[in-house]
Amino acid sequence: MSYQWPLEAKELFAERYPQMAGAGLPIPDVDAVRAAITDMWADEPGGWAHEWSALAARYATAGAHGLSALAYGWARFPAPADEAKRAALARQTEQYLLAAPGFEVAFRRDVLDLPYRGGATRVPVHVFTPPAATGKEPVLLVSGGVDSWKMDLHGLLVTLCSHTGLPVVAFDIPGTGDSRVPMAPDGAEIVRGLIGHARTLGDGIVVHVGVSMGGHYSARSGLAGEADAAVVLGGPVEAAFSHGRLARFGMDGIVGNALGYDRPPSRDDLFAALAAFSLRPLLDLDGQTPMLVVNGADDVHVPQEDTLVFEGRRDTEVHLLPGTGHCAVTELPAVLRIVSEWLPQTLSTLRAAR
């Protein structure tokens, strides 16, 4: 189920340009596509998917499969709401797998059957393993956002794997990417299944790292005591789901598509659905594992309250970085330094407690 909604390409470029340029695409190519696009949905020259896909096809022809996968990722952005974007998503996967032999770390794509709502759902995961791994290390379980999925976060995933020396298992949250079910609060059942699977791949310790809406799920994993530790990068927790938000940069349509609507919902219906995601019931308890919570102070999607609400909680470190926005994407080196300082100490404590 999917739908198109009114959306200005200029707005998306204004917000996402640093992310596009920072992911590794040549800036002149990004600028050329930006200048060519005049419409978000038209499947013709000047259309978003058309122009990004044309760039991706040129990369593919040149054998630059990694760049092609990145460009196809932008072609299907912000949601696979029509055939052109769904085709771009399929081609992104093809190009990504073609690029895989050249990754800096070992890679494989596994497809898991995990329990969900009394049945099972298929969940493809991407597993990254550093060269020196022995199979006896903790595992990082990483969930992407509502519009930036595991293939789009490739650079971050490889960096985490290389810098920490730990295996990384990446997945798309419900309602996004390879997921076959809509986004819903009970998607936590799928995450619990993924945590259980990740325990079998290393020494049994699992740290759930979540980015954006994926950070909502990692916050839940940590607060519920399901993962052994959790890292939350720009995760919406409570205030972000309040009525009146999601008005900027097409986020209402992005989230509506992820929730499984086949037409634009009313704002009342949309926020009624989102209210169920509030983690207030878990925030009121004290069953959490060690947590690291980081975001940019200028985030237009997730209010500061959803980061600061963790201040003063036990076993929790909080960073609200000035001068940067959602997930502190323009200060990623600083974020990685924070994670690299917090993670070894946390893992040492977890190992000592076993």
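Further up the page is the structure itself.
About the thresholds
- Residues numbered from 1 in each chain as written.
- Predicted model: local features only at pLDDT ≥ 70, side-chain atom pairs only at ≥ 80, totals over all residues.
- Heavy atoms only, no water.
- Helix = DSSP H or I, 4+ residues; strand = E, 2+ residues; numbered from the N terminus.
- Rg over C-alpha atoms; globule rule 2.2 N^0.38 Å.
- Buried < 20%, exposed > 50% of the residue type's maximum accessible area, 1.4 Å probe, protein only.
- Contact = heavy atoms within 4.5 Å.
- Areas by Shrake-Rupley, 256 points an atom, 1.4 Å probe, with all protein chains shown as cover.
- Lys, Arg positive; Asp, Glu negative; His and termini not counted.
- Charge placed at Lys NZ, Arg CZ, Asp CG, Glu CD.
- Expected span 1.5 Å × (residues − 1).
- Polar contact = N/O pair within 3.5 Å; in protein donor to acceptor, adjacent residues only side chain to side chain.
- Pairing = 2+ DSSP bridges.
- Right-handed = clockwise from strand over helix to strand, strands pointing away.
- Phe/Tyr/Trp six-rings, centres within 6.5 Å; stacked < 30°, edge-to-face > 60°.
- Lys NZ or Arg CZ within 6 Å of the ring centre and 35° of its normal.
- Axes fitted to C-alpha atoms, helices over the stretch in contact; angles between N-to-C directions.
- Patch = residues over 30% accessible without salt bridge, like charges linked within 9 Å, V, L, I, M, F, W, Y side chains within 5 Å.
- Salt bridge = Lys/Arg side-chain N within 4 Å of Asp/Glu carboxyl O.
- Parallel < 35°, antiparallel > 145°, perpendicular 65-115°, else oblique.
- Nonpolar A, V, L, I, M, F, W, Y, C, P; charged D, E, K, R; others polar.

Participant: I keep staring at the overall build of the protein and nothing clicks. Help me out?
Facilitator: Each helix and strand counted, the protein has 13 helices and eight strands in total. Relative to the compact-globule value of 20 Å for 354 residues, the protein shows a C-alpha radius of gyration of 19 Å, a close match. Viewed in the frame of its principal axes, the protein has a C-alpha envelope of about 60 × 50 × 45 Å. Per-residue burial over the protein gives 55% buried out of 354 residues. When contacts within the protein are restricted to residue pairs at least 6 apart in sequence, those whose partners lie at least 24 apart make up 70%. Only carbon and sulfur atoms are counted for the fraction: they give 53% of the accessible area of the protein, which is about 14,300 Å². Put simply, the protein has 28 plus and 41 minus side-chain charges, and the middle of one group is 4 Å from the middle of the other.

Participant: Which parts of the structure should I look at to understand helix α5 (residues 83–99)?
Facilitator: Owing to its 3.6 residues per turn, the α-helix brings residues three or four apart onto one side. When the terminal C-alpha atoms of α5 are compared, their 24 Å separation across 17 residues agrees well with the 24 Å that a helix rising 1.5 Å per residue should span. Within α5, burial applies to Ala84, Lys85, Ala88, Leu89, Gln92, Thr93, Gln95, Tyr96 and Ala99. Check the buried side of α5 and you find it contacts α3 (48–61), α4 (65–76), β1 (106–116), β2 (119–129) and α6 (154–164). N-capping of α5 is provided by Asp82, with a side-chain oxygen placed 3.3 Å from the backbone N of Ala84.

Participant: When you look at the pairing of strand β6 (residues 229–233) in this model, what are you seeing that I'm missing?
Facilitator: Sheet faces and side chains relate simply in a regular strand, where the side chains alternate between the two faces. With five of five residues buried, β6 is to be regarded as a mostly interior element. The pairing of strand β5 (residues 206–211) with β6 spans five bridges and is classified as parallel. Bridged to His208 within β6 is Ala230. The handedness of the β5 to β6 crossover, carried by helix α8 (residues 213–223), is right-handed. As paired elements, β6 and strand β7 (residues 291–296) share four bridges and run parallel to each other. Within β7, the residue paired with Leu233 across the bridge is Val294.

Participant: What is the right way to read helix α13 (residues 332–353) from this model?
Facilitator: With 22 residues, α13 should reach 32 Å at 1.5 Å per residue; the first-to-last C-alpha distance of 31 Å fits that figure. Within the span of α13, buried status applies to Ala334, Val335, Ile338, Val339, Trp342, Leu343, Thr346, Leu347 and Leu350. Taken together, the buried residues of α13 touch β3 (139–143), α6, β5, β6, β7 and β8 (316–321).

Participant: It is not clear to me how the environment of Val146 should be interpreted in this structure. Could you clarify?
Facilitator: In this fold, Val146 is placed in the loop between β3 and α6. The class of Val146 is buried, set by a relative accessible area of 9%. Remark: the alpha-carbon pair of Val146 and Ala79, spanning 67 residues in sequence, is separated by 8.8 Å.

Participant: So what exactly am I meant to see when it comes to the environment of Glu51 here?
Facilitator: Tracing the backbone shows Glu51 in helix α3. In this structure the C-alpha to C-alpha distance between Glu51 and Ala75, which are 24 residues apart in sequence, comes to 7.6 Å. In this structure, Glu51 is in contact with Val33, Ala36, Ile37, Pro45 and Gly46, ignoring residues within four places of it in sequence.

Participant: Which parts of the structure should I look at to understand the pairing of β5?
Facilitator: Where burial is concerned, most of β5 is hidden: six out of the six residues are buried. Neither face of β5 is left uncovered, since the one carrying Val206, His208 and Gly210 and the one carrying Val207, Val209 and Val211 both have all their residues buried.

Participant: Explain the packing of aromatic side chains to me, please; I cannot follow it from the model alone.
Facilitator: For any two aromatic rings, the description comes down to two numbers: the centre-to-centre distance and the angle of the planes. The final tally for this structure, using the stated rule, is 14 aromatic pairs. Centroid distance Phe13 to Trp52: 6.3 Å. Interplanar angle 20 degrees. Geometry classified as stacked. Here Phe13 is found in helix α1 (residues 9–22), whereas its partner Trp52 is found in helix α3, with 39 residues between them in sequence. Site record: aromatic cluster; members linked through ring pairs are Phe13, Trp48, Trp52, Trp74 and Phe77. When the ring centre of Trp149 is taken as reference, the NZ or CZ atom of Arg76 above it lies at 3.6 Å.

Participant: What am I meant to see in the sheet that holds β8 here?
Facilitator: Backbone hydrogen bonds hold the strands of a sheet together, and the pairing may be parallel or antiparallel. Pairing in this open sheet of eight strands is mixed, and the strands run β1-β2-β4-β3-β5-β6-β7-β8 from one edge to the other. Both edges of this open sheet fall to β1 and β8, since each of them pairs with a single strand only. Direction aside, neighbouring strands of the sheet carry axes that sit 20 degrees apart on average. Two strands pair when backbone bridges link them, and β3 and β5 are joined in this way by five bridges, in the parallel orientation. Within β5, the residue paired with Val142 across the bridge is Val209.

Participant: Just to check I follow, could you spell out a negative patch on the surface for this structure?
Facilitator: On the surface, Glu8, Glu11, Asp39, Asp43 and Glu44 cluster together into a patch of negative charge. Relative to the helices and strands, Glu11 is located in helix α1.

Participant: Help me understand the packing of α3 against α4 in this model?
Facilitator: For any two helices packed against each other, one specifies the crossing angle of their axes together with the interaxial distance. Between α3 and α4, whose axes approach to 8 Å, the crossing angle comes to 175 degrees. The orientation of α3 with respect to α4, classified from their angle, is roughly antiparallel. Every residue of α4 that contacts α3 at Trp48, Ala49, Trp52, Ser53, Leu55, Ala56, Ala57, Tyr59 and Ala60 is listed here: His65, Leu67, Ser68, Ala71, Tyr72, Trp74 and Ala75. Among the residues making up the contact of α3 with α4, the classes are represented as 13 nonpolar, three polar and no charged.

So, to be careful, I would describe these as geometric facts and stop short of saying anything about function.
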